[in-house]
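The lines below spell out each chain.
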Amino acid sequence: KQRLHIIQNCGNILLNIVNDILDFSKIEAGKLELEKNPFNLVTAIEEIVEMFAVRASEKNIFLRFDNDHSVPESIEGESTRLRQILLNLLSNAVKFTETGEVVVRASAKKQTNDGVEILVSVTDTGIGISNEVKEKLFQPFSQGDLSTTRRYGGTGLGLAISKGLCEKMGGRLWVESKVGIGSTFLFTF
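Only a predicted model underlies this, so the values are computations on that prediction, with no experimental measurement involved. (Residues numbered from 1 in each chain as written. Predicted model: local features only at pLDDT ≥ 70, side-chain atom pairs only at ≥ 80, totals over all residues. Heavy atoms only, no water.)

As for the side chain of Arg81
Assignment of secondary structure puts Arg81 in helix H4 (residues 79–95). If near-sequence neighbours (up to four positions away) are discounted, Arg81 is found in contact with Asp23, Leu32, Leu34 and Leu165. (Helix = DSSP H or I, 4+ residues; strand = E, 2+ residues; numbered from the N terminus. Contact = heavy atoms within 4.5 Å.)

Here it is in structure tokens:
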């Protein structure tokens with residue numbers, strides 16, 4: 001039973017890698033189509049935060065979602081891809097944080113005739129990112145350094161995919177960070 005569980009976990013890891021490569025390829029080729037459907041953004045964020053609650057608790061990390069209540073209850077957009085971005089950012093935040101907290105925040109930044117611009121941030125008290133690493137962080141297959149890759153794992157595609165998805169949704173993704181203090185990943189759409 002234990003060996004079957006290990007095989008299943010390995011299969012899921014490989015499936016995630018293949019899906020990341022396919023998503024990255026679609027973005028690079030300009031073939032990624034986004035759907036526009038109404039959904040509740042606050043509920044979507046809460047569901048993603050809940051997914052990481054157990055892992056954060058196991059590491060004694062405080063995980064929370066702060067909504068400043070300016071976010072409309074219902075928005076129209078691509079909820080699946082938005083969840084994918086949040087999943088990547090929260091996964092990294094919890095992975096690279098040993099003590100402290102991870103906080104997700106959402107707010108409405110500006111209202112236009114075309115809709116509302118939403119800002120979402122994921123802040124952690126993790127290892128932080130140096131300026132030289134920040135420059136290559138959103139490039140495909142790029143990670144902090146070999147020791148980070150060995151210790152934390154990953155393919156280096158999550159942030160590149162997330163950046164491409166944000167841009168496809170008319171927004172952007174960036175990071176503010178200090179080594180040893182933590183990082184804040186912010187994105188708009």
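Quick word on the sheet that holds strand S2 (residues 61–67)
What the 5 strands build is an open sheet, ordered S2-S4-S5-S7-S6; its pairing is mixed. Lying at the two open borders of the sheet, with one neighbouring strand each, are S2 and strand S6 (173–178). On average, each strand axis in the sheet is tilted by 15° relative to the strand beside it, whichever way the strands run. Bridge analysis of S2 against strand S4 (residues 100–112) gives 7 bridges, and the strand direction is parallel. In the strand pairing of S4, Asn67 is matched with Ala106. Across the sheet, helix H2 (residues 41–51) lies against S2, S4 and strand S5 (115–124), angled at about 175° from S2, the strand it touches most. Across the sheet, H4 touches S2, S4, S5, S6 and strand S7 (182–188), and the angle it forms with S5 is around 20°. (Pairing = 2+ DSSP bridges. Axes fitted to C-alpha atoms, helices over the stretch in contact; angles between N-to-C directions.)

Let's talk about the pattern of salt bridges
Taken as a whole and assessed by the stated rule, the structure comprises 6 salt bridges. Between Asp66 and Arg105 there is a salt bridge; the shortest N-O distance is 3.8 Å. Taken together, the positions of Asp66 in strand S2 and Arg105 in strand S4 put the pair 39 residues apart, joining distant regions of the chain. What emerges from the salt-bridge pattern is a single network uniting Arg64, Asp66, Glu101 and Arg105. (Salt bridge = Lys/Arg side-chain N within 4 Å of Asp/Glu carboxyl O.)

Here's the deal with the nonpolar core
Of all hydrophobic cores here, the largest spans 43 residues; its most connected members are Leu41, Ile45, Leu90, Val104, Val120, Phe187 and Phe189. Taken together, the elements giving at least two residues each to this core come down to H2, S2, H4, S4, S5, helix H7 (158–168), S6 and S7. It is H4 that provides the largest number of residues to this core, a total of 7 residues. Those residues in contact with Ile45 that lie beyond four places of it in its chain are Phe65, Leu86, Val104, Ala106 and Val120. (Core = buried A, V, L, I, M, F, W, Y, C linked by side-chain atoms within 4.5 Å. Buried < 20%, exposed > 50% of the residue type's maximum accessible area, 1.4 Å probe, protein only.)

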